[in-house]
Structure formats: C-alpha cells, structure tokens
Amino acid sequence: MEKRKLMVLFVSLAVLMIPFVPSFAGAADKVVKVGNIEPLSGPSAAVGQQGKFARDMAVEEINAAGGIKSLGGAKLEMIYADSESKPEKGVAEAERLINTEKVNVLTGCWNSSVTYPVTAVAERYGIPFIVPVSVADKITDQGFKYTFRIAAKDGWWTRDQFAFLKDMEKEFNTKVETVAFVYENGDWGKGFAESWKKLAEKDGYKVVLDEPYPSTATDLSPVVTKIKRANPDVLLLVSNAADAILLTNTLAEYKVTPKAIIASGGGHADPSFLKSVQKNAQLVFDEVEWETDVNKPGVQEINAKFKAKTGYDLAGESSDAYIAMYVLADALERAASLDPVKIRDALATTKITSGPAMIAAYDAIEFDQTGQNNHAALCIVQINDIGKGLERISVWPKSARRAGYTPVFPMVKK
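Notes on the structure follow. (Residues numbered from 1 in each chain as written. Predicted model: local features only at pLDDT ≥ 70, side-chain atom pairs only at ≥ 80, totals over all residues. Heavy atoms only, no water.)

This brings us to the overall build of the chain. When you go through the chain residue by residue, the secondary structure sums to 13 helices and twelve strands. If you line up the chain on its principal axes, its C-alpha atoms span 105 × 45 × 35 Å. Taking all 414 residues of the chain together, the buried fraction comes to 55%. Once the 49 positive and 52 negative side-chain charges of the chain are each reduced to a mean point, those two points are 2 Å apart. (Helix = DSSP H or I, 4+ residues; strand = E, 2+ residues; numbered from the N terminus. Buried < 20%, exposed > 50% of the residue type's maximum accessible area, 1.4 Å probe, protein only. Lys, Arg positive; Asp, Glu negative; His and termini not counted. Charge placed at Lys NZ, Arg CZ, Asp CG, Glu CD.)

Quick look at the structure:
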C-alpha cells in the first residue's frame, strides 16, 4: 500500500514538472531582434560597412559569453537594412523592420539626415532607438522618450574645435584671424556650419568663405579654387569618405596650405582616407571621439581583434557602434524583458563606467532626460609621420596628448 502511494506521488510530481521543461529549454533559443539601419551602399557606404563589422564583433562576443542571462541566455540577432544615405529609404526600412521583422530595438543610422526622421518612426511605435553616431543637435532636442544617443552632438564638436584652436594659438603664439567653412550639404554639414558661424562671431574670427557642396560631387576643383582665393588662416571641414579624399587631394594639387586644416571625423576618420590620400593628409587635424592610442583598458586588445578581422583599425564611428551593442546588452540584462517600455526604461537609467563599453575616450555612459549621453567627449588628432609612416596622433586635450609628441602648428608641409 505504501509503495503504491509513493508511486502515485512520484508520478504526480513528474507530471507537475513537465510544463516547465520545454519553457526552460526554449529560453536559450530566444532571440533579441536588433534592427540596424546603415548606409551599406551610396556615398557613406565605407563607414556603414565598418559599423556593421564592429556591431557583428560585439554581438559575437556577447552571444559567446552566454547572451542575455536575465532572458535565459537569449542571443542578439542583427537584422540589417541599407539606407543608401537617403532619409526616405531609412524611414521605409524602419517601418519594415518594426512591422515585418518585428524587431525589439533599432540602432543606426550614421547619417544625421536619415537618423532624424527615423527617430520619429521609433517614437510613434514605441521602439527603443540607440544612436551610436549621428551628431545633429536636433536628434535629441525633440522631447522624444525612445531615442538614446551615445556620441557627442554637433554643438559639442564645434565647441571643442574652437577651444582647440584657441589653445593652439596660445601654445604656439600664433594669431588666427580668418576662417573658412567647407562642408557637405546634408544635415550633418549644415548643423556644423550653423554652430561654426556663431562661435566664429563670438571668438572674433572673420569668416572669409562659407561653402557647402554635395557629397556626390566628382570634381571639387571649383570649391578648392574658392578656398585658395579666400586664403583663410584656418580651414574647417565636414566630409564623408569619398569627398574627403577628393577634397584633400585637390587641396594638395592646388597647393592650398592654411595655418591649419581641422576636419570633423566622418570621412577624414575613415580607414580608406589615409590609404587614398597618403602624404596629402600630413599635418591635418581631425576631431574624433576615439583613437587607437586612447589610454583605456582593453582598447589595444579589442582594436587588434577588429583589425585582424577587417585589415584596418577601429575609428570613432565604428568604436561607438561596438559600444552601442554593449549598452544594449546592459539594458536588456536590467530590463529582463523584451517589453519595449521596459527596455526603454532600462536605457534611461543606464550608468556604465567599466567593461567593453568603456573603450570610449570619456569616463561613463549615462543618458540625460533628452536621451543624450552627457559624458560624451571628443579628442583631436594630427596626422603625421614620426618615423613609422603616417599615423593619427592624439594631441588635444593636452591631458590626452600622446607622450613625447608636439603638434605641428602652423602647418608646414614637408
């Protein structure tokens, strides 16, 4: 009798446990669908592809380390869409990713002109949107609750360019009186130009040229002729990859040598830039969020791994794309849910100060009420050959300057 009772008890327990087995086993098979809109073709394709490689590397690491543990080991699944650098294409792809692919979160789009309208799509559907690099101020000035930007915004980039210029004047006792603005005619370039004008007026510089141009231009000699005629002390640039190459080579051909050329990342930070222009880029300054000589834990190892996969170094944009995946993983762990509201709330309370996400030049990732990472910071490098071929050398702020290097200012071509 006792044996029969025990048998009934064991069978009952076994039956009670059955429903939990497939649920537990299936948790590891769950995926987090991440929709990523990038310019994989068109004028910004090189940067888009680099961002894709960086995201894929981070996702591979996160998944290999066990995925999102609070979701039973759920893996991140990247679903890519090509914006072609066109706002209308980016919007259409965002709609498709949300409605057809059923993504849990969006990221992208690099081009500010694409990112800006896509934020409205994400907000309308209540889908969290992580923006690694799109710098137009207005992206986080809309009062949206689902947009989170990791990179510094336009106003901070231009602010630091002029602070750098003032510091160079003092350090090298060299007066700067005139400036020229040359920039791609999308939202990115126009945003920089608007801020440059205000800062130039504030700091007492005379603007001798304000020249937008299309990134798709195949001949920039008319623009360079205007630069040479204006003869500025300092030339400030905003360019995508193809036009940065064309502009730099044309400036060299026309022997345009101002006291300084200060670029704004983007195409000038693209790995294809130095390969294509070589010595024509020597002594150019470039502003970026990140460089390979940033003194942060893990930078050398992560960059070496990326270079082994791609043949080139991480850049400011691709490092932020890499960081974005770890920001997402951190938020998912804390959300412990695929509910977009819970993911959004977790992103809003992000505070990261260590780990792979902190290969950045700044010390923390924390979003303010607008969704802007208020710790994002910038650095300026100079392209020069100090015995090992052309390289990008961190020079500003002085606290981040590579030990033993003195910037060349004014610019004197060798």
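Attention shifts here to unusual backbone geometry. With an omega of 0°, the peptide bond running from Gly 108 to Cys 109 counts as cis. Following the sequence through the fold, Cys 109 ends up in the loop between strand E3 (105-108) and helix H5 (112-125). Along the chain, Trp 396 connects to Pro 397 via a cis peptide bond; the corresponding omega equals 0°. Residue position: Pro 397 is located in the segment after strand E12 (390-396). One non-glycine residue with positive phi stands out, namely Trp 110, at about 70°. Overall, the relative accessible area of 9% leaves Trp 110 in the buried class. One non-glycine residue, Ala 336, lies in positive phi territory at about 50°. Here Ala 336 shows up in the loop between helix H12 (316-335) and helix H13 (340-348). Judged by relative accessible area, which is 40%, Ala 336 ranks as partly exposed.

Here we come to the nonpolar core. One finds Trp 196 and Ile 365 to be the most contacted residues of the largest nonpolar core, which totals 84 residues. Residue contributions to this core peak at twelve residues, all from H12. Ignoring any residue separated from it by four or fewer positions in sequence, one finds Ile 365 in contact with Ile 323, Val 327, Thr 350, Lys 351, Ile 352, Ala 357, Met 358 and Asn 373. Ranked by size, the runner-up nonpolar core spans 23 residues in total, among them Ala 180, Ala 281, Leu 283 and Met 411. (Core = buried A, V, L, I, M, F, W, Y, C linked by side-chain atoms within 4.5 Å. Contact = heavy atoms within 4.5 Å.)

This part covers the sheet that holds strand E2 (residues 75-82). Ordered by their spatial adjacency, five strands build an open sheet running E2-E1-E3-E4-E5, and the pairing between neighbours is parallel. Each end of this open sheet is capped by a strand with a single partner; those strands are E2 and strand E5 (147-149). Neighbour-to-neighbour, the strand axes of this sheet turn through a mean angle of 25°, independent of strand direction. Here strand E1 (residues 31-38) pairs with E3 via four bridges, running parallel. Opposite Asn 36, over in E3, you have Thr 107 as the bridge partner. (Pairing = 2+ DSSP bridges. Axes fitted to C-alpha atoms, helices over the stretch in contact; angles between N-to-C directions.)

Let's shift gears to the sheet that holds strand E11 (residues 379-385). The strands making up a sheet are joined through hydrogen bonds of the backbone, oriented either antiparallel or parallel. Taking strand neighbours across the sheet as the criterion, the seven strands line up as E7-E6-E8-E9-E10-E11-E12 in an open arrangement whose pairing is mixed. Two strands in the sheet have a free side with no partner beyond their single neighbour: strand E7 (206-213) and E12. Looking at each pair of strands side by side, their axes are set apart by 25° on average, direction ignored. Lying on the sheet, helix H7 (residues 187-203) is in contact with strand E6 (178-184), E7 and strand E8 (234-238); it crosses E6 at an angle near 165°.

This structure, assessed with the given rule, holds 13 aromatic pairs. With a centroid separation of 5.9 Å and 50° between ring planes, the pair formed by Phe 162 and Tyr 205 is classed as tilted. In this pair, Phe 162 sits in helix H6 (residues 154-172) while Tyr 205 sits in the loop between H7 and E7, placing the two residues 43 residues apart along the sequence. Each member of the pair, Phe 162 as well as Tyr 205, is classed as buried. Between the aromatic rings of Phe 164 and Phe 285, the centroid separation amounts to 5.0 Å while the plane-to-plane angle is 65°, which identifies the pairing as edge-to-face. Of this pair, Phe 164 sits in helix H6 while Phe 285 sits in strand E10 (residues 285-288), and the two are 121 residues apart along the sequence. Exposure class is identical for Phe 164 and Phe 285. Each is buried. What links up through ring pairs into an aromatic cluster is the set Trp 110, Trp 157, Phe 181, Tyr 183, Trp 188, Phe 192 and Trp 196. It is Lys 138 that lies over the ring of Tyr 116; its NZ or CZ is 4.2 Å from the centre. (Phe/Tyr/Trp six-rings, centres within 6.5 Å; stacked < 30°, edge-to-face > 60°. Lys NZ or Arg CZ within 6 Å of the ring centre and 35° of its normal.)

Let us now look at the pattern of salt bridges. Using the criterion set out here, one finds 24 salt bridges in the structure. Residue Glu 38 pairs with Arg 55 through a salt bridge whose shortest N-O separation is 3.3 Å. Here Arg 55 lies in helix H3 (residues 45-64) and Glu 38 lies in strand E1, a separation of 17 residues in the sequence. Across the pair, exposure class does not vary: Glu 38 and Arg 55 are buried alike. Across the pair Glu 84 and Lys 89 runs a salt bridge, and its minimum N-O distance is 2.9 Å. What makes Glu 84 partly exposed here is its relative accessible area of 26%. Each of Glu 84, Lys 86, Lys 89, Glu 93, Arg 96 and Glu 101 takes part in one network of salt bridges that share partners. (Salt bridge = Lys/Arg side-chain N within 4 Å of Asp/Glu carboxyl O.)

Next up on the list: H3. In this model, H3 (20 residues) spans 28 Å end to end at C-alpha, consistent with the 28 Å of a helix rising 1.5 Å per residue. Gly 66 sits one or two positions beyond H3 and adopts a positive phi of about 115°. (Expected span 1.5 Å × (residues − 1).)

Before going further, it helps to examine the packing of H6 against H7. Two elements in contact, H6 and H7, have axes separated by 9 Å at closest approach and are oriented at 40°. Regarding the angle of H6 to H7, the classification is oblique. Seen along the crossing, H6 lies across H7 with a hand that is right-handed. Between H6 and H7, the residues in contact are Asp 154, Gly 155, Trp 157, Thr 158, Arg 159, Gln 161, Phe 162 and Lys 166 and Trp 188, Gly 191, Phe 192, Ser 195, Trp 196, Leu 199, Ala 200 and Asp 203, respectively. Taken together, the residues of the contact of H6 with H7 sort by class into seven nonpolar, five polar and four charged. (Parallel < 35°, antiparallel > 145°, perpendicular 65-115°, else oblique. Left-handed = near helix turned anticlockwise from the far one by under 90°. Nonpolar A, V, L, I, M, F, W, Y, C, P; charged D, E, K, R; others polar.)

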